[in-house]
Amino acid sequence: MPVPLLDVNAQNHPLREELLRTFERVLGHGRFILGEEVERFEEMMVVATEARHAIGVSSGTDALILALLAAGIGPGDEVICPAFTFFATAGAVVRVGATPVFADVCPVCFNLDPAAARRAVTAKTRAILPVHLFGQAADMQAIMAVANENGLVVIEDAAQSIGARTRGRAVGTIGGFGAFSFFPSKNLGGFGDSGLLTTMDDDLAAKARRLRVHGMEPKYYHHEVGGNFRMDALQAALLAVKAPHEPAYRAARRAHAARYLKILGAHPAVAVANPLDCRCLSAQDERLSAGGTLLVLPNPYPHNEAVWNQFTLRVTGGGRDSLLKHLQCEGIGCEIYYPVPLHHQKCFADLPKSSRPPCPVAERLASEVLSLPVYPEMSESQQDEVIGSVTRWLERAAR
Ligand SMILES: *Cc1c(COP(=O)(O)O)cnc(C)c1O
């Protein structure tokens, strides 16, 4: 039985009647951009994200661009980002005319290494853009310390992590801004593109709301050049139907991840990521190769509540592409998030050398990671298919 990496229909079709009624309501009133549907959704998101302000926007990428614009970041400024993330994190920095500076990541949580971020600070640095990758928070305590010592803005890329917490705090409420995405594959997946910008600061929120509509306030009076970062009313209305279910989706993802860890983690050739290996790839390598380890499973730090947007394991010892092919042959959905670290992307080849220092952990992860299906609606027997397929590969590879 094939198992997809994600099944949006399994999530959306049970809500079909309510979604259709919602579409009819919006079609009926005919106010398609911003307006009361977006305001109502923003109020829900203030509660869900625990932020003071939640601003509905056109995409997660636009939430990042809007945060950078509202923070006044532009040409001549440097923004520190992790070398291992989805492209939009750094793409947004370039889009506002600033320069991304890549820093290496942690081999345990895959997130920005605060020590590498600290080393990347120069006189031109204006912001740090940590990503809460795959559903687990970055080390915000240490990143905020680096930012505060150097007077930097922090923009949290929480696109994959709605509902995640670290040391008791919700992601997107710790730095100056949080950027969320409702791309269909995210934990709260919409019906097209949209996103959310959060902030705890009243003035920055007002500025971001203005910049969302071309810097306009009141109508046809423009203080600054913003853009069209508006959210559609239809998108907001449909997302408002799904949003109350997000905690249940999250709980199901968590249960699936726990089951992978329990069953796959018991295999002798499988290790579970050890928080003690944080930032130390070489110590980890030595121990793992001595123990005959073929896979390292993700394992959130005890101070983090992860939301498992992806279940991303590491295939050590060069077997990643072999496992990928094996799973594909057996009809198991899987994907490499992400195969090329950002400092090696062609479009960044012209950045100054100092912007793209060697990032050995990011480079290693790009060659070792593989994400397995962990979507909320997967059944226990579908999960058993995945576990069975991975186990067959392990038995073959161990010989
Ligand atoms: C999805 C994603 C984005 C961009 O969100 P879009 O809504 O697709 O524009 C940004 N950063 C990360 C880490 C993402 O996963």
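Cut-offs applied
Residues numbered from 1 in each chain as written. Predicted model: local features only at pLDDT ≥ 70, side-chain atom pairs only at ≥ 80, totals over all residues. Heavy atoms only, no water. Near = heavy atom within 4 Å. Polar contact = N/O pair within 3.5 Å; in protein donor to acceptor, adjacent residues only side chain to side chain. Areas by Shrake-Rupley, 256 points an atom, 1.4 Å probe, with all protein chains shown as cover. Helix = DSSP H or I, 4+ residues; strand = E, 2+ residues; numbered from the N terminus. Nonpolar A, V, L, I, M, F, W, Y, C, P; charged D, E, K, R; others polar. Buried < 20%, exposed > 50% of the residue type's maximum accessible area, 1.4 Å probe, protein only. Arc of directions from axis to C-beta. Contact = heavy atoms within 4.5 Å. Disulfide = S-S within 2.5 Å. Core = buried A, V, L, I, M, F, W, Y, C linked by side-chain atoms within 4.5 Å.

Engineer: Would you mind showing me how to read the site of the ligand here?
Structural biologist: Near the ligand lie 14 residues; those nearest to it are T61, D157, Q160, S181 and K186. In this structure, D157 approaches the ligand through a side-chain N or O atom, which is 2.7 Å from a nitrogen atom. Here an oxygen atom of the ligand sits 3.0 Å away from a polar atom, N or O, in the side chain of K186. Contact with the protein chains removes 93% of the 380 Å² of surface that the ligand exposes when unbound. Mapped onto the shell around the ligand, the elements with two or more residues apiece are helix 4 (60-70) and helix 5 (88-95). Classifying every residue of the shell around the ligand by side-chain character gives five nonpolar, seven polar and two charged.

Engineer: Help me understand helix 7 (residues 140-150), please; the structure alone is not making it clear to me.
Structural biologist: Spacing of three or four residues puts side chains on the same side of an α-helix, whose turn is 3.6 residues. Residues of helix 7 that are buried: M140, I143, M144, V146 and A147. The arc enclosing the buried residues of helix 7, seen along the axis, measures out at 160 degrees, which places them on a common side. The exposed set on the far side of helix 7, more than 90 degrees from its buried face, consists of Q141, N148 and E149. Summarising the contacts, the buried residues of helix 7 are in contact with helix 6 (114-120), strand 4 (125-128), strand 5 (153-157) and strand 6 (165-166). Positive backbone phi, approximately 65 degrees, marks G151, located one or two places after helix 7.

Engineer: Can you help me understand the state of the cysteines in this one?
Structural biologist: A disulfide bridge is the covalent bond that connects two cysteines by way of their sulfur atoms. One pass over the full model with this rule turns up zero disulfides. Unpaired in this structure, C81 has its nearest cysteine sulfur neighbour in C359, at a distance of 10 Å. Left without a disulfide partner, C347 is nearest to the cysteine sulfur of C81, which lies 12 Å away.

Engineer: What is the right way to look at the nonpolar core in this model?
Structural biologist: Across soluble globular proteins, you tend to see nonpolar side chains buried next to one another. Core analysis: the largest hydrophobic core is formed by 76 residues, its most contacted members being F84, Y260, L295, F311 and L372. Take this core: its biggest share by element is seven residues, from helix 4. When sequence neighbours within four positions are dropped, the list of residues in contact with L295 reads A269, V270, A271, L313, R314, V315, T316, L323, V390, W393 and L394. Core analysis: the second largest hydrophobic core is formed by 21 residues, V171, F180, A236 and A243 among them.

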